[in-house]
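Below are the chains, spelled out letter by letter.
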Amino acid sequence: ETIPDWGAVNNTTVTLRSVGVNYAAVHESPPQLTQFYIDRSSPTSSVIFPSNGAFLASTPTLSGLTIDPFGANGAGIKTVKITLKRLDTNFYWNQLVSTWTAAVAQSTAAYQLGPNTWSFSSIVSTLTWQNGLTYSLDVFSEDKAVGAGNGNIEVPAAPITFNYDATLPAVA
């Protein structure tokens with residue numbers, strides 16, 4: 001049998017069957033089977049909350065979906081990250097240092113395997129969510145595929161924008 005062109009194989013289950021033969025021409029029994037998956041597809045992520053253009057009046061938990069396209073045979077999701085940006089200063093929220101930074105920062109979101117959902121809550125919500133500001137949010141994920149050092153990393157879709165406005169309306 002011939003070995004396939006591995007560069008053209010993706011989202012496929014491969015089973016290798018090997019049989020050892022000794023000098024006396026006795027075949028190994030039973031044959032050895034090894035199964036592995038080729039997953040070169042990046043996961044896909046989306047934002048469910050907030051919706052694009054939304055106005056939020058309370059501290060949000062950002063959330064969405066992340067799916068590994070090869071289903072149950074895919075490598076699985078390794079990590080989900082968000083980029084949250086204030087549009088007034090173009091600073092990025094850095095969850096590790098709990099502040100806004102000029103350098104692009106990515107914060108890790110919590111991922112749940114069963115429903116394939118992610119969520120993110122700021123640990124310093126009073127600093128993250130400033131009244132009257134507009135934010136942009138994008139999300140991307142990496143799967144657990146191995147071979148190139150990192151898994152398959154998603155290229156984020158266009159960011160959504162939303163507003164945080166916790167000011168109560170005034171009656172004139």
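Residues numbered from 1 in each chain as written. Predicted model: local features only at pLDDT ≥ 70, side-chain atom pairs only at ≥ 80, totals over all residues. Heavy atoms only, no water.

(A) Inspection of the overall build of the protein chain at higher detail. Helix and strand counts for the protein chain stand at one helix and twelve strands. Listing the helices and strands of the protein chain from first to last along the sequence gives β-β-β-β-β-β-β-β-β-β-α-β-β. Relative to a compact globule of 172 residues, whose C-alpha radius of gyration would be 16 Å, the protein chain shows 23 Å and is clearly more extended. Each of the three principal axes of the protein chain carries a C-alpha extent, and together these read 100 × 30 × 25 Å. Split into buried and exposed, the 172 residues of the protein chain put 33% on the buried side. (Helix = DSSP H or I, 4+ residues; strand = E, 2+ residues; numbered from the N terminus. Rg over C-alpha atoms; globule rule 2.2 N^0.38 Å. Buried < 20%, exposed > 50% of the residue type's maximum accessible area, 1.4 Å probe, protein only.)

(B) How the structure looks around the nonpolar core. Counting 20 residues, the largest nonpolar core has Leu-62, Ile-82, Leu-84, Trp-118, Tyr-135 and Phe-162 as its most contacted members. If you list the elements that add at least two residues to this core, you get strand S6 (77-86), strand S10 (117-120), strand S11 (133-143) and strand S12 (160-164). When near neighbours in sequence (up to four residues on either side) are disregarded, Leu-62 contacts Phe-49, Pro-50, Ile-82, Leu-84, Trp-118, Ser-119, Phe-120, Trp-129, Leu-137 and Phe-162. (Core = buried A, V, L, I, M, F, W, Y, C linked by side-chain atoms within 4.5 Å. Contact = heavy atoms within 4.5 Å.)

(C) Summary view of the side chain of Gln-95. Tracing the sequence through the fold places Gln-95 in the loop between strand S7 (92-94) and strand S8 (99-101). Other than its neighbours up to four places away in sequence, Gln-95 contacts Ser-107, Phe-120, Ser-121, Ser-122 and Ile-123.

(D) Broad picture of the pairing of S12. Within S12, four of the five residues are buried, which leaves it mostly tucked inside the rest of the structure. Bridge analysis of strand S4 (residues 55-56) against S12 gives two bridges, and the strand direction is parallel. If you follow Phe-55 over to S12, its bridge partner there is Asn-163. (Pairing = 2+ DSSP bridges.)

(E) Main features of the pattern of salt bridges. Under the counting rule described, the total for this entry stands at two salt bridges. Two residues, Lys-78 and Glu-142, come together in a salt bridge whose shortest N-O distance is 3.6 Å. Here Glu-142 lies in strand S11 and Lys-78 lies in strand S6, a separation of 64 residues in the sequence. (Salt bridge = Lys/Arg side-chain N within 4 Å of Asp/Glu carboxyl O.)

(F) The packing of aromatic side chains, seen in detail. Considering all chains together, one arrives at six aromatic pairs under this definition. Arranged with centres 5.9 Å apart and planes meeting at 50°, the rings of Trp-129 and Phe-162 form a pair that is tilted. Taken together, the positions of Trp-129 in the loop between helix H1 (125-128) and S11 and Phe-162 in strand S12 put the pair 33 residues apart, joining distant regions of the chain. Neither residue differs from the other here; Trp-129 and Phe-162 are each classed as buried. An aromatic cluster is built from Trp-93, Trp-100, Trp-129, Tyr-135, Phe-162 and Tyr-164, whose rings are joined through pairwise contacts. Its guanidinium or amino end placed over the ring of Trp-100, Arg-86 lies 5.6 Å from that ring's centre, counting from NZ or CZ. (Phe/Tyr/Trp six-rings, centres within 6.5 Å; stacked < 30°, edge-to-face > 60°. Lys NZ or Arg CZ within 6 Å of the ring centre and 35° of its normal.)

(G) Highlighting the environment of Phe-49. Structurally, Phe-49 can be placed in strand S3 (residues 44-49). Its relative accessible area of 37% is what places Phe-49 among the partly exposed residues. Along the primary structure Phe-49 and Thr-61 are separated by twelve residues, whereas in three dimensions their C-alpha atoms are 7.8 Å apart. Those residues within four positions of Phe-49 in sequence are excluded, and the remaining contacts are Leu-56, Pro-60, Thr-61, Leu-62 and Ser-63.

(H) Structural view of unusual backbone geometry. With omega at -5°, the peptide bond leading from Ser-29 into Pro-30 counts as cis. Among the structural elements, Pro-30 can be located in the loop between strand S1 (12-18) and strand S2 (32-38). The step from Phe-49 to Pro-50 runs through a cis peptide bond, and the omega angle for that step is 0°. Within the element layout of this structure, Pro-50 appears in the loop between S3 and S4. For Asn-90, which is not a glycine, the phi torsion comes out positive at approximately 60°. Along the chain, Asn-90 falls in the loop between S6 and S7.

Purely geometric numbers; function is a separate question.
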